[in-house]
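So you can see what is in the structure, the chains are spelled out below.
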Amino acid sequence: MFTARFASTSSSRAAVANALRTYSSGASGHANPNRVAGGLKATLHNPNVSDEAKEHAAERLAEMTGAPASSGKSSSQHKNQVLGGYKATLHNPRTSEEAKQHAREILEAEGIEVEAAEGVSADEHHKRILAGYKAALHNPRVSSEAKKHAREYLKEHGAL
């Protein structure tokens, strides 16, 4: 395996890059772009790598892929996951009323309705929840832990 050892830090960056380029070259003399990208991604996630090296790796990866240096998820995906978490907060029985109010405020600020659908009574909503848990018991894709939770919920509410 290749190990680079250099005395000066100013020239070491260029020397390491050159050595890695030589080491990772294929028969044509050019580095495999997939392997280079993989190495750069590994650098970004390695806790033993300096911030300067991570910044350089992110810049180089962005140059290679033509995409901005980021964590991999787009900001819209992240935003949707965050909003989904706030929606889940509204339906979590273990969440405080203060947290539910905060979640309502955030969702309403984003233009998302938080009230029950029009024409659906609280009793109908409860029936739908129980039906969902009953369906989970018969779904082969549901984990055993989730089925256990569904049984517990149904027993607590006298539906099993």
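Computed from a predicted model, the values in this text were never measured in an experiment.

Novice: Mind showing me how you'd approach helix 3 (residues 51-65) here?
Specialist: Along an α-helix, residues three or four apart share an orientation, since each turn contains 3.6 residues. For helix 3, built from 15 residues, the straight-helix expectation of 21 Å at 1.5 Å per residue is met to within 8% by its first-to-last C-alpha distance of 21 Å. Along helix 3, the positions that sit buried rather than exposed are Ala57, Ala58, Leu61 and Ala62. Take helix 3 and look down its axis: the buried residues cluster within an arc of 135 degrees, on one side only. Opposite the packed face of helix 3, turned more than 90 degrees from it, sit the exposed residues Glu52, Glu55 and Glu63. Its buried side turned inward, helix 3 meets helix 2 (33-45). Looking one or two residues past helix 3, glycine 66 carries a phi angle of roughly 80 degrees, positive in sign.

Novice: Would you mind going over the environment of isoleucine 129 with me for this structure?
Specialist: Within the fold, isoleucine 129 resides in helix 6 (residues 122-138). Residue isoleucine 129 is classed as partly exposed on the basis of its relative accessible area, which comes to 28%. Sequence-wise, isoleucine 129 and tyrosine 153 are 24 residues apart; in three dimensions their C-alpha atoms are separated by 10.0 Å.

Novice: Is there a simple way to think about the nonpolar core in this case?
Specialist: Nonpolar side chains in soluble globular proteins generally cluster together in the buried interior. Judged by nonpolar contacts, Leu130, Ala136, Leu137, Ala150, Tyr153 and Leu154 together constitute the single largest core of 6 residues. Listing elements by their share of this core, those giving two or more residues are helix 6 and helix 7 (144-156).

Novice: Is there a simple way to explain the packing of helix 6 against helix 7 in this structure?
Specialist: It is at 9 Å that the axes of helix 6 and helix 7 come closest, and there the two elements cross at 140 degrees. By the angle between their axes, helix 6 is oblique relative to helix 7. Considering how the two elements wind past one another, helix 6 and helix 7 form a crossing that is left-handed. Between helix 6 and helix 7, the contacting residues are His126, Ile129, Leu130, Tyr133, Lys134, Ala136 and Leu137 on the first element and Lys147, His149, Ala150, Arg151, Tyr153 and Leu154 on the second.

Novice: Is there a simple way to explain the confidence of the model for the protein chain in this structure?
Specialist: For residues with low pLDDT, the predicted coordinates do not support detailed interpretation. For the protein chain, mean pLDDT is 77; residues scoring 70 or higher make up 72% of the total. The secondary-structure element of the protein chain with the lowest mean pLDDT is helix 1 (residues 9-23), recorded at 56, while helix 7 shows the highest, at 89.

Novice: I keep staring at helix 6 and nothing clicks. Help me out?
Specialist: Compared with an ideal rise of 1.5 Å per residue, which puts 17 residues at 24 Å, helix 6 spans 25 Å between its outermost C-alpha atoms and is within 8% of the ideal. Among all positions in helix 6, only Leu130, Ala136 and Leu137 are buried. Taken around the axis of helix 6, the buried residues stretch over an arc of 115 degrees, which confines them to a single face. Along helix 6, the residues that are exposed and aim more than 90 degrees away from the buried face are Lys127 and His138. As for helix 6, its buried residues are in contact with helix 7.

Procedures and definitions
Residues numbered from 1 in each chain as written. Predicted model: local features only at pLDDT ≥ 70, side-chain atom pairs only at ≥ 80, totals over all residues. Heavy atoms only, no water. Helix = DSSP H or I, 4+ residues; strand = E, 2+ residues; numbered from the N terminus. Expected span 1.5 Å × (residues − 1). Buried < 20%, exposed > 50% of the residue type's maximum accessible area, 1.4 Å probe, protein only. Arc of directions from axis to C-beta. Contact = heavy atoms within 4.5 Å. Core = buried A, V, L, I, M, F, W, Y, C linked by side-chain atoms within 4.5 Å. Axes fitted to C-alpha atoms, helices over the stretch in contact; angles between N-to-C directions. Parallel < 35°, antiparallel > 145°, perpendicular 65-115°, else oblique. Left-handed = near helix turned anticlockwise from the far one by under 90°. pLDDT = per-residue confidence, 0-100.

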